[in-house]
Amino acid sequence: MKLIQVALPSPLRQVFDYRLPAGAAIPVAGVRVRVPFGRQALIGLVTDVVSESDVPAAKLKLVTEVLDIEPALPPALWTLARWAAQYYQHPLGDALSQMLPVLIRQGEPLLAPHPQVWRLTARGQALVPDGLRRAARQQQAWQVLNEHLQGLSSTALQALGVSREALLALQEKELVERIALAAPATAIAVTPLLAEAPLALNTEQAAALSLLTAQTGFRVTLLQGITGSGKTEVYLQHIERVLQAGKQVLILVPEIGLTPQTVARFRARFRCAVAVLHSGLTDNERLSAWRAARAGEVSLMIGTRSAVFTPMARPGLIIVDEEHDLSFKQQEGFRYHGRDVAVRRAQLENIPIVLGSATPALESIANVQAGRYQRLSLTQRAGGAQAPVVRCLDLRGQPVQDGLCAAARQAITETLARGEQVLVFMNRRGFAPVMLCHDCGWQAECSRCDARPTLHRDPVRLHCHHCGFEQAPPRHCPSCNSSDLRPVGVGTERLEQALIAAHPGIPVHRVDRDSTRRKGALQGLLDEIHKPGPAILVGTQMLAKGHHFPRVTLVLIPDVDGALFSADFRGGERLAQLLVQVAGRAGRGDKPGQMWLQTHQPEHPLLVTLLSQGYIAAARALLNERQLLGLPPAGYLALLRAEATRADLPLTFLQQAAVEIVQGKYGVQAWGPVPAPMARKAGLNRVHLLLKADDRKTLHALLATLVPWLDALPSARQVRWSIDVDPQELQ
Ligand code: ADP
Ligand code: ZN
Ligand code: ZN
């Protein structure tokens, strides 16, 4: 008896056995099947064909339907899926379902249906010109089709005023027929490919391009170029060569919504179709982009993290832009790292991959040092712009008003007086992070989290950024009834308000998640910002990514101290990346830019190294620290998280895990269990157990046995738990 094993969209870490109808063809791995599951009918993918099952034969259910002949995913992607599910310890069925468009999961055909057209039959073509004059509408329909003998779609006919009734009547008379067009030719070659002339490369760019284009098989290149050094131009010319060779290119970028300019540059350069894949697509749009990529009908795909799973018929190149960006790591459910999966994919497809960044992740730098990745550097700004001058403003003993010291305020005034723009970077939205009673010291707290809600003024509310809970701020202190409740600390709204008051008549643009919630709002703000004349931009992280603000000549960062003392071991790396990225926004035009940092720690070694020697030197120092501590990339981590309403349950569960790890002598250290940095969030008590090994093999050997063991524990059913391999945030 032949049985198939099926991966189903289920949280269970297992595949399910089914019988095939007698005489049925045996589907190959990766083919979609519809099967009964409990009271549901589910669609899953065949993983294996076996001849025995642990399930008693009488209980084995029959496959309802085999949906396809060919597998849903090309072979390399299928292997990648199985690898990723195993590597990230995620149920295969659920991982696969995240890789496929919703409509494919629901059973829509893998291939786009051929477009249907109406056209005249031979009999219709033989008709005399006024043969239908007694039926005016049919006569008109016939005339239109007689002018378009190759056929027209229903939509086109409708647009030409042809009624459906008339067509059906003509069909009845066998004068017209409805037929499917032949399959569209794959690899639609667009000639000429270029819509604009490429720039003449500078020496560094040309050297990088010639090394990149010299390779065809698998090879990882770290393209490390300061902001504005022309990495994008190098990608464009590399891509051009790959497209000319008839291959497809996949580009991963951090967040499409934040980088419309990047997408626009690819569209401006090439005349071929560009598929943009992001979370804002409708199910139908996603389905057609996926089908087109899979069939090889579209050659250039740009997308965010999940686009790494886009099937390609003719893979030629993968590019991961801003490879250090945190958004490449999925922080829940299937916790994969888009960049790392992309590297593995390039290896399986045997194609080159380029990781680009001005501030590469320490992991990537370590991979260069170990000889696994090749490094290409661009050290000069292309187009002649100068790199900004960075300096610290020592806050010690200085009066600070609305987050800014006197020197900073003066610099803003002077910059505006020259008709230039100022960017104030504050990574905290809202008006103030704390609301405090001046009489008794009471502070507003979130009732569901160990956190303080942020005070917002636009509109007025106390909003917990951790659980989303919102409430009206109290008018009187709940503790002493005083009405002297004060906002403490500075967020973007407060800065905006203070800057408007200080600089009447100067436009102040605030860019954060609140001000850009409305569709098109970000684009509107960006358009305003690009108008000439003095202006102030106040913004969060959103401003640090990918935008070019050529008119900004002064960047101010009011608060870097918080990040210098972050509890997360990656805090220093993230701060260094952020500072360099923000600095990169300034002075891209003809005028040089400056960046000023307000700090109480101007002698902090990280700041000193970063400002005097640059990112790579700072990264080397941080790598040395990680080496000493055995932390990534010098060590390998997995984080077990557990949470429940009752505080003791997650603790008990993770204690059992810790004991098992120690007693099992796996060579993996278990740190904890300890309360999570935010021990209570949205009403749940959260506990962490951090696992650390000196090498990846050891860690994965443990996980392979530990995870099923944990799954079987009775205490596992009383908590919500998860495992995060290569965690990026220890929260
Ligand atoms: P990056 O991606 O490294 O930030 P970009 O590719 O966006 O850099 O280039 C920065 C600016 O320099 C852009 O305005 C770009 O058009 C320009 N540029 C890039 N390469 C060249 C070149 N070879 N000659 C002239 N200008 C260039
Ligand atoms: Zn009070
Ligand atoms: Zn909360």
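This text follows the structure it describes.
Every value quoted in this text rests on a predicted model; they were computed, and no experiment measured them.

**With respect to the coordination of the zinc ion (ligand 2)**
Next up, step 1: At the metal site, the zinc ion (ligand 2) is ligated by Cys 437 (SG), Cys 440 (SG), Cys 477 (SG) and Cys 480 (SG), and these contacts range over 2.2 to 2.4 Å.
Next up, step 2: In the primary sequence, the donor residues of the zinc ion (ligand 2) line up as C-x2-C-x36-C-x2-C. Of this pair, Cys 440 sits in the loop between strand S20 (434–437) and strand S21 (454–457) while Cys 477 is found in the loop between strand S23 (470–471) and strand S24 (485–488), placing the two residues 37 residues apart along the sequence.
Next up, step 3: By relative accessible area, Cys 440 is classed as partly exposed at 38%.
Next up, step 4: A relative accessible area of 2% means that Cys 477 is categorised as buried.

**Some words on the nonpolar core**
Next up, step 1: Leu 96, Ile 318, Ile 353, Leu 640, Phe 653, Leu 691 and Trp 721 are the most contacted members of the largest nonpolar core, which has 80 residues in total.
Next up, step 2: Beyond its immediate stretch of four places on either side in the chain, Phe 653 contacts Ala 642, Leu 710, Leu 713, Ser 715, Ala 716, Val 719 and Trp 721.

**Considering the coordination of the zinc ion (ligand 3)**
Next up, step 1: Surrounding the zinc ion (ligand 3) are the protein donor atoms Cys 446 (SG), Cys 449 (SG), Cys 464 (SG) and Cys 467 (SG), at 2.2 to 2.3 Å.
Next up, step 2: Coordination geometry of the zinc ion (ligand 3): the 4 donor atoms subtend angles of 103 to 115° at the metal centre, consistent with an arrangement described as tetrahedral.

**What about the packing of helix H1 (residues 75–87) against helix H2 (residues 92–99)?**
Next up, step 1: Running from amino to carboxyl end, H1 crosses H2 at an angle of 130°, the nearest separation of the two axes being 9 Å. Taken together, the axes of H1 and H2 are oblique relative to one another. For the pair H1 and H2, the sense of crossing is right-handed. Residues Leu 77, Trp 78, Ala 81, Arg 82 and Ala 85 of H1 form the contact with H2, whose participating residues are Leu 92, Ala 95, Leu 96 and Met 99.
Next up, step 2: Residues that form the contact of H1 with H2 fall into these classes: 8 nonpolar, no polar and 1 charged.

**Thoughts on the sheet that holds S21**
Next up, step 1: Read from one edge of the open sheet, 3 strands run S21-S22-S23, paired in antiparallel fashion. In this open sheet, the two edge strands, each paired with only one partner strand, are S21 and S23.
Next up, step 2: Pairing geometry for strand S22 (residues 460–463) and S23, over 2 bridges, is antiparallel. In the strand pairing of S23, His 463 is matched with Glu 470.

Cut-offs used in this document
Residues numbered from 1 in each chain as written. Chains lettered and ligands numbered in written order. Predicted model: local features only at pLDDT ≥ 70, side-chain atom pairs only at ≥ 80, totals over all residues. Heavy atoms only, no water. Donors = N, O, S within 2.8 Å, 3.2 Å for Na, K, Ca; no water. Helix = DSSP H or I, 4+ residues; strand = E, 2+ residues; numbered from the N terminus. Buried < 20%, exposed > 50% of the residue type's maximum accessible area, 1.4 Å probe, protein only. Core = buried A, V, L, I, M, F, W, Y, C linked by side-chain atoms within 4.5 Å. Contact = heavy atoms within 4.5 Å. Tetrahedral: all angles 85-135°; square planar, octahedral: opposite > 155°, others 65-115°. Axes fitted to C-alpha atoms, helices over the stretch in contact; angles between N-to-C directions. Parallel < 35°, antiparallel > 145°, perpendicular 65-115°, else oblique. Left-handed = near helix turned anticlockwise from the far one by under 90°. Nonpolar A, V, L, I, M, F, W, Y, C, P; charged D, E, K, R; others polar. Pairing = 2+ DSSP bridges.

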